[in-house]
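# Structural overview
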Amino acid sequence: MADYRDRLPKAANTVIFLLFYAKEVVMPGDWAIYGRAIHAPDGIEALVSALICVGTDGMILSVETAVAADDPRLARLRAGGSLVELTPDDILIPGLIDLHIHAPQFPQLGTALDVPLEDWLQRYTFPLESRYEDLAFAEDVYACLVETLLAHGTTTAVYFATIHLPATKRLAEICLDKGQRALVGRVGMDHPEQCPDFYRDASAEIAIAETRALIGHIRDLPGNEAALVRPMITPRFVPACTDALLEGLGALAAETRCTVQTHCSESDWEHGHVLDRCGVTDTAVLDRAGLLRRGSVLAHANFITEPDAALIRARGAAVAHCPLSNIYFAGAVFPLREMLDQGLHIGLGSDIAGGPSASLFEAARQAVAVSRLLESGTDSRKSAAARGKPGARIDFRTAFRMATAGGGESLDLPIGLFRPGYAFDAVLLRSGLPDGNLRFAEAESAAGILEKIVMLAGRGDVAQVWVAGRLVKSR
């Protein structure tokens, strides 16, 4: 994937000291934050006594570590009201990036997980998604969802919406109003054999035209000049789309230079259905249609082949690893370690509501857990040597990187790291909050703190959240 950092302006070396208001508004001038941070550019990097300067556009101007507490710059920033100072109980991490969310499924979160995928869609999900023709219903659900995700530390969300254009436009507007970085897609699904009469596109032409309309609407939204919210072309998955729709959306992606999201080889049923219908895998079908592009996000990909993986890597596309929903619907564990070693871009997805949690911290720890299950195996009647897949595990460091920098790389956006030229999307976690899980010992190592974050953190540990330099959540 091309390095977008080469296209960014050089970081400034000075900070303009203007007033910083610690409330949910855009900062009126450059400001800085001082304290302890952790991010994952390659391995894990602890930023000790770090001074991070943020510009009026929400981009990081400079990052300096080992800044002494009596540094005169801090005093000047403090006097100007433009310094946020962290306490010893605080740790700053990059904002979490959730690569796969079904926004309309939020009301069924934590329910209806007792049947196979194909039954789940027809019995529960399609009837719920059809309700989003009611704009008032959509507004209530989407506003609550965005608020909930921000409270959990999800600063970037990749959303499937529904086939309803007005409701999908409203989702994009709500994300912009509440300050969440988002990629939003109107779902395309027109195949009469896989989509019910009450919930499908009347034709491929209508689906393509309304997708085009959404792209224009989001790009022209007042206040979205910096593209905080972006459109995404969204064929639901191959079984739900006719060839005409897949090819038309592929042509639209090429024309508009839009990124793409869809499902890929999620379950035995889906993978087998596509092989029977098309004679090739999901990945090959998507590539033929022009939908496998740089920045394309393929959810799940549990059953991709070696040629599929090579093609995904060659096209600069990415996989949204959804360990929670894979437990319920995949019938298999995604070979994460193997795919990372092959150089694929991989981030994490909650897969609301196939995954029964809105927390990407939960997805991160489940990614660790299922990789251990893949390595050790699960059938106790087999010998240890025959039971698992050696070398399949990941650890908390890899899971954290996928939830932050890995998501940014997958989307080809400058997010997920504390570096000059990257957006200041950040989550402040605080040890010892009454409803939190985190407790940091004095002088605890960065590795120890990070392991606790991945394995324990939740909504109760989130003290503040920034997106593009704007404070959007604060306890």
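My aim in this report is to walk through the structure given alongside it, one point at a time. (Residues numbered from 1 in each chain as written. Predicted model: local features only at pLDDT ≥ 70, side-chain atom pairs only at ≥ 80, totals over all residues. Heavy atoms only, no water.)

### Here we look at the overall build of the chain
Broken down by element type, the chain carries 16 helices and 17 strands. On C-alpha atoms alone, the chain measures out to a radius of gyration of 22 Å, which is about the 23 Å that the 2.2 N^0.38 rule sets for 475 residues. Over its C-alpha atoms, taken along the principal directions, the chain stretches across nearly 70 × 60 × 40 Å. The burial tally for the chain puts 59% of its 475 residues in the buried class. By element, 51% of the accessible surface of the chain is carried by carbon and sulfur atoms, the whole surface being about 18,000 Å². In the chain, 45 positive and 59 negative side-chain charges are present, and the distance between their average locations comes to 4 Å. (Helix = DSSP H or I, 4+ residues; strand = E, 2+ residues; numbered from the N terminus. Rg over C-alpha atoms; globule rule 2.2 N^0.38 Å. Buried < 20%, exposed > 50% of the residue type's maximum accessible area, 1.4 Å probe, protein only. Areas by Shrake-Rupley, 256 points an atom, 1.4 Å probe, with all protein chains shown as cover. Lys, Arg positive; Asp, Glu negative; His and termini not counted. Charge placed at Lys NZ, Arg CZ, Asp CG, Glu CD.)

### With respect to the pattern of salt bridges
Applying the stated rule across the entire model yields 26 salt bridges. With its nearest N and O atoms 2.4 Å apart, the salt bridge here joins R186 to D201. Of this pair, R186 sits in the loop between β8 (181-185) and β9 (187-188) while D201 sits in the loop between β9 and α5 (204-219), and the two are 15 residues apart along the sequence. With respect to class, R186 is no different from D201; both count as buried. A cluster of three or more residues bridged by salt bridges with shared partners is formed by E64, D71 and R73. (Salt bridge = Lys/Arg side-chain N within 4 Å of Asp/Glu carboxyl O.)

### Some details on the side chain of Q108
For Q108, the position within the fold is in the loop between β6 (96-102) and α2 (117-129). At 3.4 Å, the side chain of Q108 forms a polar contact with the side chain of T125. Dropping the residues within four chain positions of it, Q108 is found in contact with W120, Y124, T125, L128 and A353. (Polar contact = N/O pair within 3.5 Å; in protein donor to acceptor, adjacent residues only side chain to side chain. Contact = heavy atoms within 4.5 Å.)

### A look at the pairing of strand β10 (residues 229-235)
Counting buried positions along β10 yields six of seven residues, so the element is predominantly enclosed. Strand direction decides the pairing type here: β8 and β10, joined by three bridges, are parallel. The partner of L183 across the bridge, within β10, is R230. Assessed by its sense of winding, the connection that carries the chain from β9 through α5 to β10 is right-handed. (Pairing = 2+ DSSP bridges. Right-handed = clockwise from strand over helix to strand, strands pointing away.)

### Examining the nonpolar core
Most often, soluble globular proteins keep nonpolar side chains buried together rather than apart. Counting residues in each nonpolar core, the largest one holds 100 residues, and the members touching the most others are Y142, Y159, L171, I233, I304, L429 and I453. Setting aside its immediate chain neighbours within four residues, I453 contacts I91, I93, F361, R365, L429, L438 and F440. (Core = buried A, V, L, I, M, F, W, Y, C linked by side-chain atoms within 4.5 Å.)

### Remarks on the packing of aromatic side chains
Counted according to the given criterion, the structure contains nine aromatic pairs. Centre to centre, the rings of F126 and Y199 are 5.8 Å apart; their planes meet at 50 degrees, and the pair counts as tilted. Taken together, the residues span a long stretch of sequence, with F126 in helix α2 and Y199 in the loop between β9 and α5 at a distance of 73 residues. Taken together, the ring pairs connect W31, F418, F424 and W466 into an aromatic cluster. (Phe/Tyr/Trp six-rings, centres within 6.5 Å; stacked < 30°, edge-to-face > 60°.)

### Considering helix α9 (residues 306-315)
Taken as a whole, α9 has its buried residues at D308, A309, L311 and I312. Projected down its long axis, α9 carries its buried residues within an arc of 165 degrees, all on one side. Exposed positions of α9 whose direction lies more than 90 degrees from the buried face are P307 and A314. Those residues of α9 that are buried are in contact with α8 (282-288), β12 (297-300), β13 (318-321) and α11 (336-341). Positive backbone phi, at 75 degrees, marks G316, one or two positions downstream of α9. (Arc of directions from axis to C-beta.)

### Examining the pairing of strand β3 (residues 60-64)
Inspection of the sheet shows strand β2 (residues 45-54) paired to β3 by four bridges, in the antiparallel sense. Bridge pairing in β3 places V54 opposite I60. The turn joining β2 and β3, which pair antiparallel and follow one another in sequence, is formed by five residues; a positive phi near 85 degrees is taken by G58.

### Section: the environment of A426
Mapped onto the elements of the fold, A426 is located in strand β15 (residues 426-430). Overall, the relative accessible area of 0% leaves A426 in the buried class. Along the backbone, A426 and G416 are 10 residues apart, and their C-alpha atoms lie at a distance of 8.3 Å. Setting aside chain neighbours within four positions, we find A426 in contact with L92, I93, P94, G95, T155, F418, Q464, V465 and W466.

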